[in-house]
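# Close look at the chain arrangement
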Amino acid sequence: MSEEQKKLLEKQLWAIANLLRGKMDADDYRNYILGFIFFKYLSEKLHIYANKILAPDNLTYEQLDENSDNGKVYVEAVKKACIKELGYFLKPSELFTSIAQKGNNLSVIVTNDNDEATQFFIIEDLERILTNIEQSTMGTESEDDFVKLFEDLDLTSGKLGRTVKAQNETIAKIITHLDAIDFQLEDTESDLLGDAYEYLIGEFASRAGKKAGEFYTPQEVSTILAKIVTTRKKRLKSVYDPTCGSGSLLLRVAKEVDDVGMFYGQELNRTTYNLARMNMILHGVNYREFDIKQEDTLEEPQHMAIDLKAEAIVANPPFSAKWSAKGIFSTDDRFSQYGKLAPKTKADFAFVQHMIHHLDENGIMATVLPHGVLFRGSSEAHIRRYLIEDRNYIDAVIGLPANIFFGTGIPTCILVIKKCREVNEDVLFIDASNHFEKQGKDNKLLPSHIDDIVDTYTNREVIDKYSYRATLQEIADNDYNLNIPRYVDTFEEEESIDVNAVAEEIKALDIEIAETDIRIALHCNELNIKTPF
């Protein structure tokens, strides 16, 4: 895949969003664009697979007559194979191209309000097809991965148009434009569409303001987390994100290793949960290789029953969110050993405790947190002390620049945790808060900044005014306060000022001013006018 092809596809897909921009806000048109791209992907993936099955009989899938006895036999055979391999099924007449051709007629003919051209309306067909995709998975292994996957695609929304005809025209235009784009799915080595999909999610996030933080972690931060949890590893048995958003963080981890056995995730927001499942499938992750659930991670954890112990855990949980902190959690396996629960108004450490519970003995966990977790008192200080003094789990604390997340400018850090640390006599502190490039009102981490952080972590380097290895005794002496400035001194002394030299400069200036005044007075006398002083 060339960089040009990638950029072209991103440009083509983003241009389709222009058809909806102005009719609705970014959250709404995101659901339509990403939903239709996903439908086209499912259709093309199945089409390619079906043609391979039919190749020995010199047939193609679109040639099959679904209504003939012979055609029905072929379609049934293809269905069985597709359900087993891909997890879902579409009839030849339900392929994306078929619906696009019908909709294209509505796009090209000239109609008026009296000529509805209803024979080319496609909304009912689309609704039926999307329902059929979900129905085809019922009672199979893939049912959980497809159930209500298209529920955010409201095809009869008034935002698409005032009349049914206008709604059909809008959808027909999107489908027609998408049909003209080559997703290049035949190239099994390429993840062109997956990368483009990630690009679109990022673009939608940048336009969604504060809401963006709910479903997307900036790529630069994702990369740091992914590189840390895959340190010196080529393969991972499993990776888990307890607040997985669109699944981008999980997929970023996969880019850093040759293979990931299983992806686990949980997400509270229903729409974002749907986005994460689509994102997985679009990146070629088979339905058997991911287990993403929808529920509140702290109140209703979904992977306790399988006793999940993940080799890598990454997360960007909501900063200082509220949780119930109900008394019953004092006996919960995730929290009971600490003696105290995280406060109701700040669930940051509750997420950390939840993740530690699901971390394998040889695993690495890296999570983004607000700076407050490093120094706040009360129960948070108690939990912090337990993690260091009793468990010795904290491997590194990395301070990030402010203004690098969508919708919030608060300073953040990355907490790296291991249950079995190779170097267990100190904690590495990295202060990268001043290492960024200013781009407009935002701060950006460049590849060189990311490399510096990851290399310093990997080699546990001590660099003047950037990183420091604090012994456990030093941390104890600081009453288990992990605030980074206590350990990394970034203070830059100002240049000393030579007061005598400055006094001489002022004297010289006074003399120069006096001489200038004399010259001006002489000129004024010659011109027979008053002096200005």
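This is a predicted model, so every value here is computed, not measured.

## Observations regarding the domain arrangement of the chain
Each assigned domain of the chain is listed with its residue range as follows: domain 1 (3-204), domain 2 (217-486) and domain 3 (497-532). Between the C-alpha centres of domain 2 and domain 3 the distance comes to 65 Å.

## Notes on helix α13 (residues 378-390)
Counted at 1.5 Å a residue, the expected span for α13 with its 13 residues is 18 Å, and the 18 Å between its end C-alpha atoms agrees. The secondary structure elements touched by the buried residues of α13 are α12 (348-357), β6 (394-399) and α15 (472-477).

## Remarks on the pairing of strand β1 (residues 235-241)
In terms of burial, β1 is largely enclosed, as 5 of its 7 residues are buried. Bridge count between β1 and strand β2 (residues 259-267): 6 bridges; the pairing is parallel. Residue Arg235 lies in a different strand from β2, and its bridge partner there is Asp259.

## Overview of the pattern of salt bridges
Tallied over the entire structure, the rule returns 24 salt bridges. We note a salt bridge from Asp291 to Lys293, for which the minimum N-O separation is 3.5 Å. Owing to a relative accessible area of 16%, Asp291 belongs among the buried residues under this scheme. Put simply, Asp395, Lys418, Arg421, Glu422, Asp426, Arg460 and Arg469 are held in one network by salt bridges that share partners.

## Some remarks on empty space enclosed by the protein
In total, this model carries 2 cavities of 30 Å³ or more according to the counting rule given. For the largest cavity, the calculated volume is near 110 Å³. In terms of lining residues, the largest cavity is bounded by 13 residues, among which Asn31, Asp152, Asn274, Leu275 and Met278 are the most central. Contributions of two or more residues to the lining of the largest cavity are made by α2 (26-54) and α11 (270-282). Within the lining of the largest cavity, the residues separate by chemical class into 6 nonpolar, 4 polar and 3 charged.

## Brief notes about the packing of helix α9 (residues 219-229) against helix α10 (residues 248-255)
With their axes 8 Å apart at the nearest point, α9 and α10 run at an angle of 50° to one another. By the angle class used here, α9 and α10 are oblique. The crossing of α9 and α10 is right-handed. Residue-level inspection shows Gln219, Ser222, Thr223, Leu225, Ala226 and Val229 of α9 in contact with α10, the latter providing Leu249, Arg252 and Val253. Residues that form the contact of α9 with α10 fall into these classes: 5 nonpolar, 3 polar and 1 charged.

## Considerations on the nonpolar core
By size, the foremost hydrophobic cluster in this structure holds 112 residues, and its most contacted members are Leu13, Phe36, Phe39, Ile133 and Leu178. A domain split of this core shows at least three residues from each of domain 1 (3-204) and domain 2 (217-486). For Phe36, the residues in contact, after removing those within four places along its chain, are Phe96, Leu126, Leu153, Leu155, Ile171, Ile174, Ile175 and Leu178. Phe351, Met355, Met365 and Val488 belong to the second-largest nonpolar core, a separate cluster that totals 46 residues.

## Quick notes on the side chain of Thr243
Tracing the backbone through its elements, the reader meets Thr243 in the loop between β1 and α10. When sequence neighbours within four positions are dropped, the list of residues in contact with Thr243 reads Gln266, Glu267, Thr297, Ala315, Asn316, Pro317, Pro318 and Phe351.

## A closer look at the sheet that holds strand β5 (residues 359-370)
Pairing in this open sheet of 9 strands is mixed, and the strands run β3-β2-β1-β4-β5-β7-β6-β8-β11 from one edge to the other. Only two strands of the sheet have a single neighbouring strand rather than two, namely β3 (290-294) and β11 (467-471). If you compare each strand with its neighbour and ignore which way they point, the axes differ by 15° on average. On top of the sheet, α10 reaches β1, β2 and β4 (310-315); it is set at about 165° to β1, its chief contact. Taken strand by strand, α11 contacts β2 and β3, and its axis lies near 170° from that of β3.

Cut-offs applied
- Residues numbered from 1 in each chain as written.
- Predicted model: local features only at pLDDT ≥ 70, side-chain atom pairs only at ≥ 80, totals over all residues.
- Heavy atoms only, no water.
- Domains from an automatic or database assignment.
- Helix = DSSP H or I, 4+ residues; strand = E, 2+ residues; numbered from the N terminus.
- Expected span 1.5 Å × (residues − 1).
- Contact = heavy atoms within 4.5 Å.
- Buried < 20%, exposed > 50% of the residue type's maximum accessible area, 1.4 Å probe, protein only.
- Pairing = 2+ DSSP bridges.
- Salt bridge = Lys/Arg side-chain N within 4 Å of Asp/Glu carboxyl O.
- 1 Å grid on protein atoms, 1.4 Å probe; cavity = no way out; pocket = protein on both sides within 12 Å on 5 of 7 lines; lining within 4 Å.
- Points joined across faces, edges and corners; volume = space filled by probe spheres on them.
- Nonpolar A, V, L, I, M, F, W, Y, C, P; charged D, E, K, R; others polar.
- Axes fitted to C-alpha atoms, helices over the stretch in contact; angles between N-to-C directions.
- Parallel < 35°, antiparallel > 145°, perpendicular 65-115°, else oblique.
- Left-handed = near helix turned anticlockwise from the far one by under 90°.
- Core = buried A, V, L, I, M, F, W, Y, C linked by side-chain atoms within 4.5 Å.

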